[in-house]
Amino acid sequence: MAVPLSAARFLDALQAEGLRVVEVGDWTTHNREHMGPWGPVHGVMVHHTATSGTENTVRLCYNGHTDLPGPLCHGVIAKDGTVHLVGCGRANHAGLGDGDVLRAVTAEKRLPPANDTDTDGNQVFYGFECENLGDGSDPWPSAQKAALEKAAAALCRAHGWSERSVIGHREWQPGKIDPRGFTMDRLRERIRERLK
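The model shown is predicted, which means the values in this text are computed figures rather than measured ones.

Basis of the calculations
Residues numbered from 1 in each chain as written. Predicted model: local features only at pLDDT ≥ 70, side-chain atom pairs only at ≥ 80, totals over all residues. Heavy atoms only, no water. Helix = DSSP H or I, 4+ residues; strand = E, 2+ residues; numbered from the N terminus. Rg over C-alpha atoms; globule rule 2.2 N^0.38 Å. Contact = heavy atoms within 4.5 Å. Areas by Shrake-Rupley, 256 points an atom, 1.4 Å probe, with all protein chains shown as cover. Lys, Arg positive; Asp, Glu negative; His and termini not counted. Charge placed at Lys NZ, Arg CZ, Asp CG, Glu CD. Pairing = 2+ DSSP bridges. Axes fitted to C-alpha atoms, helices over the stretch in contact; angles between N-to-C directions. Salt bridge = Lys/Arg side-chain N within 4 Å of Asp/Glu carboxyl O. Buried < 20%, exposed > 50% of the residue type's maximum accessible area, 1.4 Å probe, protein only.

### Considerations on the overall build of the protein
Scanning the protein from N- to C-terminus turns up six helices and ten strands. Taking 196 residues into account, the globule formula puts the C-alpha radius of gyration at 16 Å, and the protein, at 15 Å, falls close to it. A principal-axis box enclosing the C-alpha atoms of the protein has dimensions of 35 × 35 × 35 Å. Considering only residue pairs separated by 6 or more positions, the protein has 73% of its internal contacts joining residues 24 or more positions apart. Surface summary for the protein: the accessible area is close to 8500 Å², and the carbon and sulfur share equals 49%. The averaged location of the 25 negative side-chain charges in the protein is 5 Å from the averaged location of its 22 positive side-chain charges.

Below is the structure:
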């Protein structure tokens with residue numbers, strides 16, 4: 001359990017990990033906090049966007065759409081490894097998920113299967129959307145995977161979390177497939193090595 005990072009500390013954490021960061025619009029105050037609380041935070045959630053084209057993807061994640069207003073995450077990780085910051089605070093990215101998974105993340109233990117939707121994930125998870133079609137064929141360039149590893153590690157480092165505080169959307173909510181194209185276990189191994 002942790003108090004969410006301020007916008008300044010969030011940005012500092014990412015830059016200290018060596019990431020190239022682009023600040024989008026009024027990201028520091030762009031959030032959905034009028035819809036519910038933000039924090040305490042317990043981890044980082046990873047998604048794929050099911051879109052292509054960085055400019056289009058960033059715009060979508062910043063603005064959202066008719067059924068789901070933005071921001072749709074805190075940062076968009078482009079194919080070239082650039083992190084585009086689109087929100088700070090509660091974001092529409094996690095939705096309802098399994099409370100047993102949250103308890104495992106909080107305790108930094110092995111995740112149980114996600115089979116329920118009884119807990120608000122938008123309150124408790126940072127979210128990174130990665131530009132990828134999510135069809136299993138769209139490549140994940142090494143620069144993008146490295147940036148995802150660094151971004152997740154940056155937040156873990158800032159909060160004193162281990163790699164077990166990083167989960168995929170598919171590990172949180174039944175029926176979700178993202179991120180598709182790599183395993184979360186491998187990503188967590190890379191984050192563990194980075195945090196040493």
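### Here we look at the sheet that holds strand S9 (residues 125–130)
Strand order in the open sheet formed by six strands is S1-S6-S5-S9-S2-S10, and the pairing between neighbours is mixed. Single-partner strands in this sheet number two, and they are strand S1 (21–23) and strand S10 (166–168). Adjacent strand axes in the sheet meet at a mean angle of 25 degrees when their direction is disregarded. Sheet analysis places strand S5 (residues 75–77) next to S9, joined by three bridges and oriented parallel. Each bridged residue has a counterpart across the sheet, and for Gly75 the counterpart in S9 is Phe128. Most of the contacts of helix H6 (residues 184–195) go to S10, to which it runs at about 160 degrees, and overall it touches strand S2 (43–48) and S10.

### Considerations on the side chain of Glu171
Structurally, the position occupied by Glu171 is in helix H5 (residues 169–172). Other than its neighbours up to four places away in sequence, Glu171 contacts Val101, Leu111, Ala114, Met184 and Arg188.

### Describing the pattern of salt bridges
Here the structure, examined in full by the defined rule, presents 14 salt bridges. Among the ionic pairs, Glu17 bridges to Arg157, the shortest N-O distance being 2.9 Å. One end of the pair, Glu17, is in the loop between helix H1 (7–16) and S1; the other, Arg157, is in helix H4 (residues 142–159), with 140 residues separating them in the sequence. With a relative accessible area of 11%, Glu17 lands in the buried category. Classification of Arg157 by relative accessible area gives partly exposed; the value is 41%. With a shortest N-O distance of 2.7 Å, Glu149 and Arg190 are connected by a salt bridge. Placement of Glu149 in helix H4 and of Arg190 in helix H6 is noted, with a sequence separation of 41 residues between them. A residue is classified by how much of its surface remains accessible, and Glu149, at 9% relative accessible area, is buried. Judged by relative accessible area, Arg190 falls into the partly exposed class, the value being 23%. Overlapping salt bridges bring together Glu17, Glu149, Arg157, Arg190 and Arg194 as one network.

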